[in-house]
Amino acid sequence: MADSHSVLATLDRGVLRLVLNRPEKLNAFNEDMHRALRSQLDRAHEDAAVRAVLLTGAGRGFSAGQDLGDRDPRRGGPPPDLGHTLETFYNPTLRRLRSLEKPVICAVNGVAAGAGANIALACDIVLAARSARFIQAFSKIGLVPDAGGSWSLTRILGEPRAKALAMTAEPLPADTAAEWGLIWKAVEDEALMDEATALAERLAAGATLGLGLTKRLIQAASGGSFDAQLDLERNAQRRAGQSADYAEGVAAFLEKRAPVFRGQ
Ligand code: T3D
């Protein structure tokens, strides 16, 4: 599955670049694309040579979410069990994105709709082309936000904006998404891939263990108390402080040179 055409994967300078590749369908998810993405994220977890992931889409869109051609009610038969498809295909990918102890950068190159938008929002650092828009398209077809969207939108934006976006399905332009803190930044379309690649390469050259622990700490923060967070920070710092990259970082500072981190 790792060589599926639905997701193009290349590893260079520690960055596993994953390109959703069904441009004629705006990179809507079918089962093959689900399996391919999941398999590449598992690879990112297992392979120490992968030190950051960069996710983007081929063509003019990032992803239009679920391939609705695979849900055509006109074919007859009982209605699909979408709880089952979420649990089988979407949720494992979302859980893997959030639990991967390596930075995941998302370059939203164009429209991101439905689960496509929410997969982008589950990445650690999201850059979007200025022409891109985020659409909670679910309400237009009688569904509810999924792929973690009801969680991310509410946590990041609060109920008023989360409800309005989810209920109206109005497109949210990249600039507004950045202004509202939903993504890291909007950049000129032509600059997106260069900027996202440079960021991914910078993080891939960083202290991987420390970055992974940082991700875990920040994700835990909003669910716990200040006191509990101090304990988590203590435990994480204990682990980070025993890493070779920490020793290298301090030595490099004292020697007034750039550190060479090896992800160990
Ligand atoms: O089912 C489960 O397992 C549960 C999980 C659900 C998760 C979900 O994501 S539900 C939400 C599904 N997504 C949508 O409802 C979005 C549908 N797409 C759109 O609303 C629009 O395409 C966009 C607003 C995203 C973009 O509009 P526009 O005008 O830029 O492009 P377009 O012309 O609509 O689309 C271009 C082509 O892509 C077109 O094909 P054609 O006519 O050129 O052959 C269109 O049919 C195709 N396409 C776009 N989105 C999908 C799609 N084909 C299949 N599934 C799609 N989601």
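Just so it is clear, the model here is predicted, and its values are computed rather than measured.

1. Some words on the site of the ligand
Here's step 1: Taken together, 25 residues lie near the ligand, and R60, Q66, R71, T85 and A115 sit nearest.
Here's step 2: One of the side-chain N or O atoms of R60 is found 2.9 Å from an oxygen atom in the ligand.
Here's step 3: Measuring from an oxygen atom of the ligand, one finds a side-chain N or O atom of T85 at 2.6 Å.
Here's step 4: In the complex, the protein chains occlude 67% of the 1000 Å² of accessible area that the ligand would expose alone.
Here's step 5: Examining the composition of the shell around the ligand, we find that 4 residues originate from one element, helix 2 (residues 82-99), more than from any other.
Here's step 6: Residues of the shell around the ligand, tallied by class, amount to 14 nonpolar, 4 polar and 7 charged.

2. Some words on the domain arrangement of the protein
Here's step 1: Here the protein is partitioned into domain 1 (7-204) and domain 2 (208-254).
Here's step 2: Between the C-alpha centres of domain 1 and domain 2 there is a distance of 27 Å.
Here's step 3: Taken together, the 11 residues of domain 1 in the interface contact 8 residues of domain 2.
Here's step 4: Of the roughly 880 Å² buried at the junction of domain 1 and domain 2 (both faces included), carbon and sulfur atoms supply 40%.
Here's step 5: When residues of domain 1 are sorted by the area they lose upon contact with domain 2, R98, E101 and R155 head the list and together hold 59% of the total.

3. Some words on the sheet that holds strand 8 (residues 133-135)
Here's step 1: Here 4 strands make up an open sheet; going across it, the order is 4-6-8-9 and the pairing mixed. Single-partner strands in this sheet number two, and they are strand 4 (61-63) and strand 9 (172-173).
Here's step 2: When strand 4 meets strand 6 (residues 111-113), the two strands line up parallel, connected through 2 bridges. Pairing of S63 across the sheet is with A112, part of strand 6.

4. Side note on helix 9 (residues 226-241)
Residues spaced three or four apart along an α-helix point in a common direction, a consequence of the helix completing one turn every 3.6 residues.
Here's step 1: Here helix 9 spans 22 Å end to end across 16 residues, near enough to the 22 Å set by a 1.5 Å rise per residue.
Here's step 2: Considered for burial, the residues of helix 9 that qualify are Q229, A236 and A240. End-on, the buried residues of helix 9 take up no more than an arc of 45°, which puts them together on one face. Set apart from the buried face of helix 9 by more than 90 degrees, the exposed residues are D227 and R238.
Here's step 3: Of the surrounding secondary structure, the elements contacted by the buried residues of helix 9 are helix 8 (208-221) and helix 10 (244-254).

Parameters at a glance
- Residues numbered from 1 in each chain as written.
- Predicted model: local features only at pLDDT ≥ 70, side-chain atom pairs only at ≥ 80, totals over all residues.
- Heavy atoms only, no water.
- Near = heavy atom within 4 Å.
- Polar contact = N/O pair within 3.5 Å; in protein donor to acceptor, adjacent residues only side chain to side chain.
- Areas by Shrake-Rupley, 256 points an atom, 1.4 Å probe, with all protein chains shown as cover.
- Helix = DSSP H or I, 4+ residues; strand = E, 2+ residues; numbered from the N terminus.
- Nonpolar A, V, L, I, M, F, W, Y, C, P; charged D, E, K, R; others polar.
- Domains from an automatic or database assignment.
- Contact = heavy atoms within 4.5 Å.
- Buried area = accessible area lost by both parts, 1.4 Å probe.
- Pairing = 2+ DSSP bridges.
- Expected span 1.5 Å × (residues − 1).
- Buried < 20%, exposed > 50% of the residue type's maximum accessible area, 1.4 Å probe, protein only.
- Arc of directions from axis to C-beta.

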